[in-house]
Every structure is written in structure tokens, then in C-alpha cells.
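Analysis of the macromolecular model
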Amino acid sequence: MAERHLIPVSGGKPVSVFSSDLGWAMGTNDIIALFGYMGRHSADTLVGKNLDSAGLSWEEHTIDSGFQIGQNVVSADIDGNGTMDVVAANRNEQVCWWSNTDGTGTQWEEHLACEVADWVECADIDGDGDVDLALASWWFDTMLWCENVDGNGEVWQDHQVDSSVIGAICGNPCDINSDGYLDFIGLACLNNSLYWWENLNGTGTEWADHVISDSFVHPQAMHGEDIDGDGDIDVAAVSGDEGDLVWFRNDDGLGGSWTQFTVTHFQLGLNLLFDVHISDLDQTGTWIFVR
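The sections below set out a description of the structure shown in this document.

So, how was this worked out
Every chain's residues receive numbers from 1 upward, in the order its sequence appears when written. Residue-level local features of this predicted model are given only where pLDDT is at least 70; pairs of side-chain atoms are given and counted only at 80 or more, and the full residue set underlies all totals for whole chains, interfaces and linings. Side-chain numbers here rest on the full set of heavy atoms in the structure, without hydrogens or water. A run of H or I in DSSP counts as a helix once it spans at least four residues, and a run of E counts as a strand once it spans at least two, with each numbered from the N terminus. Throughout this description, buried means an accessible area under 20% of the type-specific maximum (1.4 Å probe, protein chains only), exposed means over 50%, and partly exposed covers the range between. DSSP-based pairing: two strands are paired if at least 2 bridges between them are found. By convention in this document, the label disulfide applies to cysteine sulfur atom pairs within 2.5 Å.

1. Re unusual backbone geometry
- The phi dihedral of D141 falls on the positive side, at around 55°, and the residue is not glycine.
- Take D141: it is sitting in the loop between β10 (132-137) and β11 (142-148).
- Of note in the backbone geometry, H218 takes a positive phi value of approximately 45° without being a glycine.
- Mapped onto the elements of the fold, H218 is located in the loop between β16 (207-213) and β17 (219-225).
- Classification of H218 as buried rests on a relative accessible area of 17%.

In C-alpha cells:
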């Protein structure tokens, strides 16, 4: 059984979490938590500062208390200045990012990236050296991505990946088949299915879909990482209703065969699982599942 550690927060029930080094102590991963649409119209985006580098002592800070109906939050260097910024999407199909203006996580400036999706992840999808946005629209059953045209987060252009994903939520782009190109991973929440989309030419203009699982009940989030240390990308996922935190092993290293393993099962009651992320919070070189 995996060991769990509680990170106390004052904002209620978070709908999304992400870990990133926001600059307080270089080399230490902090936690970003978004409190969103479940029971609250307004939302706080909070940061937990990792005080002891071991993930056992935390200090809370607020980035933005007015981001409405928040859905998920991630972090990346959007403007290319060498510091980690924060990106979030909401149920109004708005994707915003906050620039870490002083590089220490104490001053933030909000920017609107696009109004086409309610879920966001970050990666250099077209291989041009800057950070783009991988997106999903649950309402319109669509996977897409927004190109960071000028490289500093001021101009964006959207590109479609798949428009037939029922209840679409995307995971972090990652190289599933080890061809050097970033692929898409995502789920059909209303179709009990997990997929990955192959980035055929490395520029994000041609895609081929593949099934990871078509029998995972009510998937709510997924994250790609080399969980078993064999050099290829595996996938972690959570079931919103069932309370299952699982991972799928990439058996052949090419995304053609997958085996499911259970990490833990949560007794949910009236709560739901909404997000999963994998990070080395205790600086041991081992992956920790964060909810």
C-alpha cells in the first residue's frame, strides 16, 4: 500500500493539484492547488510552499482569488524567461496563465490565453522550443492544442486533434512510443475510455488515435510518466466515482499493449477524485502520486 501524506489547506476541497518549483527554494517542488466549481462559484489558486524539501512542512500563499469556476491547474515557463508560471482552465472555457513576475512566486500577473477549452496541460507540442497548451473541451467532446506563436504567451493559435471524445479531458503530452515526438494522452469521461494520440510528424498537425483502456469506469484524470523506471512512458489515472488510483504499464514501450495496476482505493463517501499528478516531492528520486 502506498504511503499518504496530508497537505493541509484552508480553501476547502481542491479540484486540481500540480507540483512545480516556483522559485522559493530552487530545486524544491511546491504544490499548486485550485479550488473550483464544486460547491463554489469563485475559486482560489493557492500555492503550498515546500518548506523542508521533504514534503512534510508547508506554507500557504494565494495567487488569485477571483478565477471563476476553476477546473484544473498546471505549471510551465510560458513566457520563456526561465521561471515557472501557473496555467489554469475553468468551466467557462477560459484558459488563463499567471506570469511569475519576480521569479520567487510572490508576485503574479494574469493573462488570458484562449476561450476554447475547460482543461489544460503544457508542453512543446510542435517542437519549436517554447511551451504550448494541450487542451480539452468536455462540453464539445474535443481534444485540441494552442500554439504559443510568439513564444512569450501573448499570441495563440488553436489546432484540432480529435472532435469525437465523449466527455473529453486531456493528460500531459508525453512521448508514448519513444519516437522523439510529444503525443497526446486523454480520456473520454462519459465513455469509460483512456486514449493516446500519436503525433505523426512532430509538428502537431497529424494525429492517430490509440486505446489504452476501454473499461476504466468514469475516468477523471490521467498523467504520463515512467513509473516503473524502464525508460518508457506509463500512465496513471483516477476514477472519479469509484475511488481508484491506478497506473497502466506501457508493456511494449510503444503504446500498443497496456497492463493495469492499482495504487490505492479511496473511501470517497460524498467526495470525488478529480486529478492525479506524479512528482518527486521528498527528493528521493522516487515518484509520488499526488491528489
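From this point on, the discussion continues.
2. Structural notes on the pairing of strand β7 (residues 95-100)
- Most of β7 sits out of view: six of its six residues are buried.
- Covered by surrounding structure in β7 are V95, W97 and S99 together with C96, W98 and N100, the residues of both alternating faces.
- Where strand β6 (residues 85-90) meets β7, four bridges bridge the pair, whose relative direction is antiparallel. By the bridge assignment for β7, V87 is matched with W97.
- Turn length for the β6-β7 hairpin, with the two strands adjacent in sequence and antiparallel, is four residues, and the turn residue E93 shows positive phi of about 65°.
- Relative to strand β8 (residues 108-114), β7 is paired through six bridges, and the arrangement is antiparallel. Residue pairing across strands places S99 opposite E109, the latter belonging to β8.

3. Some words on the state of the cysteines
- The final tally for this structure, using the stated rule, is zero disulfides.
- Among the cysteines around C114, which has no disulfide bond, C146 carries the closest sulfur, lying 3.8 Å off.
- A relative accessible area of 9% means that C114 is categorised as buried.

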